[in-house]
Amino acid sequence: MQKLKRILINGKTYPIKMDLNVLETIQNEYGTINEFERDILGLKFAKDEEGRQIFNEEGEPRMIIGETSIRAIKVALPSMINEGLAIEAEEKGTAWEAVSDSFIFRNCNVSFELLGKMIHEEFRRCFEVKK
């Protein structure tokens, strides 16, 4: 059995899982996984007064840190919760019912900054090499 991380919503804990199914949803919405990661971390490309991208001495784009994107949370969190529920049900041999996006967003009392951190931690974990 997989040990899934959990999130508390409306007095009940729900499993969360970032895997290829969730990454596909993210990629379909964002175009690239890298763009999603920048958004969940609040990273933006630095630009000058004319809107041109700024580069450092090594020719790499300069980044500025802003706030976590609500869009990134809204794309990832429902998919992560429903993927976790599907995995748990499969492991237990039981049926499962998807949780709606609106239920999640109306009842989640976790700050968007903490949600961004939790999502990014799970995002990083899905790329770790298993030994």
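Rules and cut-offs
Residues numbered from 1 in each chain as written. Predicted model: local features only at pLDDT ≥ 70, side-chain atom pairs only at ≥ 80, totals over all residues. Heavy atoms only, no water. Helix = DSSP H or I, 4+ residues; strand = E, 2+ residues; numbered from the N terminus. Buried < 20%, exposed > 50% of the residue type's maximum accessible area, 1.4 Å probe, protein only. Contact = heavy atoms within 4.5 Å. Areas by Shrake-Rupley, 256 points an atom, 1.4 Å probe, with all protein chains shown as cover. Lys, Arg positive; Asp, Glu negative; His and termini not counted. Charge placed at Lys NZ, Arg CZ, Asp CG, Glu CD. Pairing = 2+ DSSP bridges. Phe/Tyr/Trp six-rings, centres within 6.5 Å; stacked < 30°, edge-to-face > 60°. Lys NZ or Arg CZ within 6 Å of the ring centre and 35° of its normal. Salt bridge = Lys/Arg side-chain N within 4 Å of Asp/Glu carboxyl O.

Novice: Break down the overall build of the chain for me, with residues and values.
Specialist: Each helix and strand counted, the chain has 5 helices and 4 strands in total. The order of α-helices and β-strands along the chain, N terminus first, is β-β-α-α-β-β-α-α-α. By principal-axis analysis of the C-alpha atoms, the chain measures approximately 55 × 40 × 20 Å. Buried positions account for 36% of the 131 residues belonging to the chain. For the chain, long-range pairs separated by at least 24 residues make up 64% of all intrachain contacts whose partners lie at least 6 apart in sequence. Here the chain has roughly 8700 Å² of accessible surface; of this, 49% comes from carbon and sulfur atoms. Counting 19 positive and 23 negative side-chain charges, the chain places the averaged centre of each group 5 Å from the other.

Novice: Pulling in residues and values, what's your account of the side chain of Glu-88?
Specialist: As for its position among the elements, Glu-88 is in helix H3 (residues 70-92). In this structure Glu-88 comes out as buried when scored by relative accessible area, which is 18%. Not counting chain neighbours up to four residues away, the residues in contact with Glu-88 comprise Leu-4, Arg-6 and Pro-15.

Novice: Describe unusual backbone geometry, with residues and values.
Specialist: Trans is the prevailing form of peptide bonds, just as negative phi is the prevailing case for residues other than glycine. For Asn-10, which is not a glycine, the phi torsion comes out positive at approximately 55°. For Asn-10, the location among the structural elements is in the loop between strand S1 (5-9) and strand S2 (12-16).

Novice: Mind laying out the pairing of S1, listing which residues take part and the relevant values?
Specialist: As defined by bridge partners, S1 adjoins S2 across 5 bridges and the pair is classed as antiparallel. Each residue of the ladder has a partner; that of Lys-5, found in S2, is Ile-16. Counting the residues between successive antiparallel strands, the hairpin from S1 to S2 contains 2 residues, one of them, Asn-10, with a positive phi of roughly 55°.

Novice: Could you give an account of the packing of aromatic side chains, with specific residues and numbers?
Specialist: Scanning all chains against the criterion turns up 4 aromatic pairs. Here the aromatic rings of Tyr-14 and Phe-103 are separated by 6.4 Å at their centres, their planes lie at 70°, and the arrangement is edge-to-face. Remark: Phe-103 occurs in helix H4 (residues 101-107) and Tyr-14 occurs in strand S2; sequence separation between them is 89 residues. Note on Phe-103: relative accessible area 26%, which makes it partly exposed. The interplanar angle of 75° and the centroid separation of 5.6 Å between the aromatic rings of Tyr-30 and Phe-36 together place this pair among those described as edge-to-face. The residues Tyr-30 and Phe-36 share a single accessibility class, namely buried. A network of ring pairs unites the aromatic residues Tyr-30, Phe-36, Phe-123 and Phe-127 as a single cluster. The ring centre of Phe-105 lies 5.1 Å from the NZ or CZ of Lys-74, which sits over that ring.

Novice: Account for the pattern of salt bridges, naming residues and giving values.
Specialist: Scanning all chains against the criterion turns up 6 salt bridges. A salt bridge links Arg-125 to Glu-122; the nearest nitrogen and oxygen atoms lie 3.1 Å apart. In this pair, Arg-125 and Glu-122 are both assigned in helix H5 (residues 112-125), 3 residues apart and thus about one turn of the helix distant. Using a relative accessible area of 29% as the deciding quantity, one classes Arg-125 as partly exposed. Overall, Glu-122 belongs to the buried group, its relative accessible area being 4%.

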